[in-house]
Structure formats: structure tokens, C-alpha cells
Amino acid sequence: MTRQTTPSILDDLMRADERIQQLPIDALDDNPYQRRSASVADDDPDLLNLSTDIAQQGIIQHLVVRPHPNSRGRYQIAAGHRRRLAARLAGLEHVPCVVRTLTDDQMLDVVFAENYHRADINPIDRAELMQILASRGLSQQAIADRFAISRPAVSNALARLRKRDIHPINYLGIGGAFFAFHLLFSYSVDHLHVGAAF
């Protein structure tokens, strides 16, 4: 089966041809493959700006969720993670959502699509996303093609995760900064080499 391209995945998800429901924020859980929770603090300037906009104008773009596979009455967010965080900061108790039936593979595709074009994605989040793609059966070359980097860059990032033998989301403090620096350095050097070839 041919996988959808990054833009079409999000376009298909965000179409509002199904009924928009107001769901309680407290009933919404993160996408199980989402790795941005630890990267977004409550005092993040962009998040605060979004929260201010939502407080003044409401949520213009609905969230997309799926029924939680293991908890009746709860939902997992497919698209709209930051909007949920900003809405909570703005004091909202309910947010507009479209409920869709989505597979785990589709939930993973959404995470990749939402993160792929982010300039501010940190090296740990990037490596975590690579690891998730690998766990779903993608080869290192296929992952490299998705990120438009070399296969050795993917191999190095995954090797560093294995070497630490610790979930990078919980890898904090000086050690976490050191780890992120190494991933960022490898990614930057790889892009310099690619650029020099053209």
C-alpha cells in the first residue's frame, strides 16, 4: 500500500466533513507517539502567544482525535497538541474536536508530518522520532530518506540512544544537554557534507 505524502496526511485529517464536537480538555491524551510534551514549557513564548489568541478569539482550527483504544470515554490527540496546551493555559475546559478512527500507523504518520517541517525540533526529539519509525519497521535508509539526511546520520543518532540505555525524554540536566549537543553536531555536519556535494 502506498503511503500518503506529508501534506496529504494533514490535509485529509483536518477536513471538517464530520461533526465537530466540544470535548473536555481533561479527556484528551497525547498521541502515543508524540515526543514534544517535554519540549514545550508553560512559559514558552510561542505557546503563550497562542494561548492569548485563543483567549481572545477562541480556537479557530479544530483538533483531530481518535477514541482511546484502552480507556472508554477518553481520546488521543492526532493533530492539535499545542492547541490543547494553549487552550488549557487560556482557561478553556472544552475544545472543538473531530473524532476519527485512526490506526497506530496513521497516528505515527501524523507525528512525523507535524514535526518534519519544524525548524525548532530539538535533536533528542528528532532522534526519538527516528527510533519510533525504526520500531515500526522502517529501515535506516528509509528513515534517512524521510529526513533528507544520510543513513550514517540516522545510524549515529540511534546508536547514541541505545548507548545511553535511557529514554531521552527523561534525560535531563547537563548530561541531557551534552547528549543533545552531540546529536545536533552530527546532524549539522551531515548537512554540511550534503551541501558541499552540490
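Residues numbered from 1 in each chain as written. Predicted model: local features only at pLDDT ≥ 70, side-chain atom pairs only at ≥ 80, totals over all residues. Heavy atoms only, no water.

### Concerning helix H5 (residues 123-135)
Taking 1.5 Å per residue, 13 residues should reach 18 Å; H5 reaches 18 Å between its end C-alpha atoms and fits that length. Burial analysis of H5 places 10 of its 13 residues in the buried class, which makes it a mostly covered element. For H5, the set of buried residues is Pro 123, Ile 124, Asp 125, Arg 126, Ala 127, Glu 128, Leu 129, Met 130, Ile 132 and Leu 133. Of the residues trailing H5, Gly 137 is marked for its positive phi of about 105°. (Helix = DSSP H or I, 4+ residues; strand = E, 2+ residues; numbered from the N terminus. Expected span 1.5 Å × (residues − 1). Buried < 20%, exposed > 50% of the residue type's maximum accessible area, 1.4 Å probe, protein only.)

### Some details on the pairing of strand S3 (residues 63-67)
In terms of burial, S3 is a largely internal element, 4 of the 5 residues being buried. Relative to strand S5 (residues 94-99), S3 runs parallel, the two sharing 3 bridges. Across the sheet, Val 64 pairs through a bridge with Val 98, a residue of S5. Where S3 and strand S4 (residues 75-79) come together, 4 bridges link them in antiparallel fashion. Bridge pairing links Val 64 to Ala 79 in S4. (Pairing = 2+ DSSP bridges.)

### Concerning the side chain of Arg 66
Structurally, Arg 66 is set in strand S3. Polar side-chain contacts of Arg 66 include one of 3.0 Å to the side chain of Asp 104. (Polar contact = N/O pair within 3.5 Å; in protein donor to acceptor, adjacent residues only side chain to side chain.)

### Quick notes on helix H3 (residues 81-89)
One full turn of an α-helix is made of 3.6 residues, so residues set three or four places apart face in the same direction. Those residues of H3 that fall on the buried side of the exposure criterion are His 81, Arg 83, Arg 84, Leu 85, Ala 86 and Ala 87. The positive-phi residue at the C-terminal boundary of H3 is Gly 91, with phi of around 90°.

### With respect to the pattern of salt bridges
Within this structure, the stated rule accounts for 6 salt bridges. Between Arg 74 and Asp 29 there is a salt bridge; the shortest N-O distance is 2.8 Å. On the criterion of sequence distance, the pair formed by Arg 74 in the loop between S3 and S4 and Asp 29 in strand S2 (residues 28-29) is long-range, its members being 45 residues apart. Exposure remark for Arg 74: the relative accessible area of 26% places this residue in the partly exposed category. Assessed through its relative accessible area of 23%, Asp 29 is described here as partly exposed. One salt bridge connects Arg 82 with Asp 44, and the closest N-O pair in it is separated by 3.4 Å. Of this pair, Arg 82 sits in helix H3 while Asp 44 sits in the loop between S2 and helix H2 (45-57), and the two are 38 residues apart along the sequence. For Asp 44, a relative accessible area of 22% corresponds to the partly exposed category. (Salt bridge = Lys/Arg side-chain N within 4 Å of Asp/Glu carboxyl O.)

### Section: the confidence of the model for the protein chain
It should be kept in mind that the predicted coordinates are not to be read in detail where pLDDT is low. The predicted model of the protein chain averages 76 in pLDDT, with 67% of residues at 70 or higher. Low pLDDT, under 50, characterises residues 168-179; the stretch is placed with 17 contacts to residues that sit more than four places away or in other chains. The model gives residues 191-198 a pLDDT under 50, and that stretch makes 2 contacts with residues more than four places away or in other chains. (pLDDT = per-residue confidence, 0-100. Contact = heavy atoms within 4.5 Å.)

### What about the nonpolar core?
Ranked by internal contacts, the top residues of the largest apolar core, which has 24 residues, are Met 130, Phe 147 and Val 154. Setting aside its immediate chain neighbours within four residues, Met 130 contacts Ile 143, Phe 147, Ile 149, Val 154, Ala 157 and Leu 158. One finds Tyr 75, Ile 77, Ala 86 and Ala 87 within the second-largest nonpolar core, a separate group that totals 16 residues. (Core = buried A, V, L, I, M, F, W, Y, C linked by side-chain atoms within 4.5 Å.)

### Side note on the packing of H2 against H3
Contact pair H2 / H3: the axes reach a minimum separation of 8 Å and the direction vectors enclose 65°. As summarised for this structure, H2 and H3 are arranged roughly perpendicular, according to the angle between their axes. As H2 packs across H3, the resulting crossing turns out to be right-handed. Packed against H2, whose contacting residues are Asp 46, Leu 47, Leu 48, Leu 50, Ser 51 and Ile 54, the element H3 presents Arg 82, Arg 83, Leu 85, Ala 86, Ala 87 and Leu 89 at the interface. Partitioning the contact of H2 with H3 into residue classes produces 8 nonpolar, 1 polar and 3 charged. (Axes fitted to C-alpha atoms, helices over the stretch in contact; angles between N-to-C directions. Parallel < 35°, antiparallel > 145°, perpendicular 65-115°, else oblique. Left-handed = near helix turned anticlockwise from the far one by under 90°. Nonpolar A, V, L, I, M, F, W, Y, C, P; charged D, E, K, R; others polar.)

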